[in-house]
Each structure stands twice: as structure tokens, then as C-alpha cells.
Amino acid sequence: MKELYEVVNSHITSMIENGALNDIIAERLNQAIKESVDDSMRSYGNFGKALKKKMNASLNQALENVTFPEYNKFVSDVAIQAYNDVLNEQTKPQVTETIKNYLEPVPKEITAQNLLDKVAEYWRQTCNEEGHEEIEIEWSESHGMHLKIKHPEYDWETIKISCYDHRDAGIFSIGYLSEERSGCLSGTLNGATHNNGLRGYLYKLYCAGTTISGFDAVYGESVHIGWN
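Residues numbered from 1 in each chain as written. Predicted model: local features only at pLDDT ≥ 70, side-chain atom pairs only at ≥ 80, totals over all residues. Heavy atoms only, no water.

1. Digging into the environment of Cys184
In this structure, Cys184 sits in strand β6 (residues 183-184). For Cys184, a relative accessible area of 24% translates into the label partly exposed. C-alpha of Cys184 to C-alpha of Ile159: the two residues are 25 residues apart in sequence and 9.7 Å apart in space. (Helix = DSSP H or I, 4+ residues; strand = E, 2+ residues; numbered from the N terminus. Buried < 20%, exposed > 50% of the residue type's maximum accessible area, 1.4 Å probe, protein only.)

In C-alpha cells, the structure reads:
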């Protein structure tokens, strides 16, 4: 046994001296680290779950409502629209500012009053120029919350919104969006081409899955815009 011990000890000493033992330890350590990382990043690992959660959040609820071709069409048309809007000026700051305005993100949560305020913001000037002080809204709450926002001067710009609270009672999101002139804006490439003004803002709310609360506080009201 003494001879065996001496042989083993001598071999280990030799492996230490020539670095073979270090190589084996490094190899096994690398393998252990790799297996640990693989396990962590699998969907059932804590890290994997956290990563999946972050990815899902970054992709946004828009993916539940909007197809990639539809959203890609929207983004590409925004860039084209921005370029056309400042083509005569041909200045980079103006292009950048226009794209920023068109692609400015919408909040994840708004109130119904915020929604009506945006209607006033986008339509006030054209309505005032034609002598109008009010934007009429037709309301209905049959199987959801439905608004028909009627442009007082240009009826073809009238917009219909259908909101649903399937997830949480009283917390709505836009499920259907249409314009009198263009037809359905939600769920089609047709909608992605209308990226500016009020319809563009509403389309972004639809894409982002923005939740809208507080409809009971404004139900039945029209939008009073007064004079500038």
C-alpha cells in the first residue's frame, strides 16, 4: 500500500508541476459554470423567468393586439411622413423633431378625461376656425364602452372607438378603432398608414394597450373647446 501511495502522490505532484491538474480543474470549473448558467437561463430557472418577464414587458401588450406587419407599416409610414413634412426645409433638426413628435410614446395608463382633453387638443384649431365651440360625442355602453367622436365640420374625420374591460372591470383598453373616411384603423395595415393627428394618437393607444379608467366620470359628455 505504501508503494501505491507513493506512486499516486508522485503522479499528483507531477501533474501539479506540469500544469495538467490545473487544466483539469479549469476544464471542470468551466463546465460547472456553463451548466449553472444554462440551468439559470432556462425558462424554469429564476434568472430565465426574470429575463422572460423583462422581454415580455419590453415587447409590450401591443403584440396581443397588433401584428408585426401592421406595426412595422406604422413605423415606416411615420418616417416617410416626417420626411415629407420637412422636405422643403431639408434640415436635420426639423426631421428629428418631427419624427420625435410622431413616435412620442403614449402612457401606459390614462383617464377618460385625459382622452377627451386630447380630442380637444388635436381638433380645437380646425373647429374654432370654422366657428365651432363643441365636439359632440355619442356614447354607448353595450358590451363595452363605445364613443363616436363627431368632427363638427368634417364628418369624414369622425372617429369611432370601442373599449373593453375584459381583464379588470372598469379598466378599459381600445379594442376597435375606425374613421368615417378610412374605415377600420385597428388590426389592419390600413390603420397603420394613419399615423398623425388624433387618429395617430388613438392608434398608438391601441398599439400600446394603454388602459383607460374613469369613464363613469365623463360618460355622456361632449368636448367643449371654446375659443382660442
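What follows continues from the structure just given.
2. Concerning the nonpolar core
Among the nonpolar cores identified, the biggest contains 34 residues, and Leu202 and Phe215 are the most heavily contacted of them. Of all the secondary-structure elements, those providing two or more residues to this core are α7 (112-129), β2 (134-140), β3 (145-150), β4 (159-168), β5 (171-179), α9 (197-208) and α10 (215-218). Setting aside chain neighbours within four positions, we find Phe215 in contact with Ala112, Trp139, Met145, Leu147, Cys163 and Phe172. (Core = buried A, V, L, I, M, F, W, Y, C linked by side-chain atoms within 4.5 Å. Contact = heavy atoms within 4.5 Å.)

3. Things to note about the packing of α7 against α9
How two helices pack is summed up by the angle between their axes together with the distance between the axes. The contact between α7 and α9 brings their axes to 8 Å, and the two run at 150 degrees. As far as their axial angle goes, α9 and α7 are roughly antiparallel. Counted together, Leu115, Lys118, Val119, Tyr122 and Trp123 of α7 and Gly197, Leu198, Tyr201, Leu202 and Leu205 of α9 form the full contact between these two elements. Considered class by class, the residues forming the contact of α7 with α9 number eight nonpolar, one polar and one charged. (Axes fitted to C-alpha atoms, helices over the stretch in contact; angles between N-to-C directions. Parallel < 35°, antiparallel > 145°, perpendicular 65-115°, else oblique. Nonpolar A, V, L, I, M, F, W, Y, C, P; charged D, E, K, R; others polar.)

4. Quick look at the pattern of salt bridges
Evaluated as defined, the whole model comprises four salt bridges. Glu136 is the salt-bridge partner of Lys150, the closest N and O atoms lying 3.9 Å from each other. Of the two residues, Lys150 is situated in strand β3 and Glu136 in strand β2; the sequence distance between them amounts to 14 residues. When its relative accessible area of 25% is taken as the criterion, Lys150 is described as partly exposed. Between Arg199 and Glu179 there is a salt bridge, with the nearest N and O atoms lying 3.1 Å from each other. In this pair, Arg199 is assigned in helix α9 and Glu179 in strand β5, connecting sequence segments 20 residues apart. Glu179 gets classed as buried once you look at its relative accessible area, which sits at 5%. (Salt bridge = Lys/Arg side-chain N within 4 Å of Asp/Glu carboxyl O.)

5. Things to note about the pairing of β5
Of the strand pairs in this sheet, β4 and β5 are connected by seven bridges, and their pairing is antiparallel. By the bridge assignment for β5, Cys163 is matched with Ile174. Between β4 and β5, which follow one another and run antiparallel, lie two residues, and Gly170 among them has a positive phi close to 85 degrees. Pairing analysis gives two bridges linking β5 to strand β7 (residues 211-213), with the strands arranged antiparallel. Within β7, the residue paired with Phe172 across the bridge is Ile212. (Pairing = 2+ DSSP bridges.)

6. Section: α7
Because the α-helix completes a turn every 3.6 residues, residues three or four places apart line up on one side. Here α7 spans 26 Å end to end across 18 residues, near enough to the 26 Å set by a 1.5 Å rise per residue. Trp123 marks the point of greatest bend in α7, at about 55 degrees. The complete set of buried residues in α7 reads Ala112, Leu115, Leu116, Val119, Ala120, Trp123, Cys127 and Asn128. The positive-phi residue at the C-terminal boundary of α7 is Gly131, with phi of around 85 degrees. (Expected span 1.5 Å × (residues − 1). Bend = angle between axes of the 7 residues up to and from the residue.)

7. Let's talk about the packing of aromatic side chains
For the coordinates displayed, the defined rule picks out six aromatic pairs. With a centroid separation of 5.3 Å and an interplanar angle of 55 degrees, the aromatic rings of Trp139 and Tyr219 are classed as tilted. In this pair, Trp139 sits in strand β2 while Tyr219 sits in the loop between α10 and β8 (223-224), placing the two residues 80 residues apart along the sequence. Tyr219 gets classed as partly exposed once you look at its relative accessible area, which sits at 33%. (Phe/Tyr/Trp six-rings, centres within 6.5 Å; stacked < 30°, edge-to-face > 60°.)

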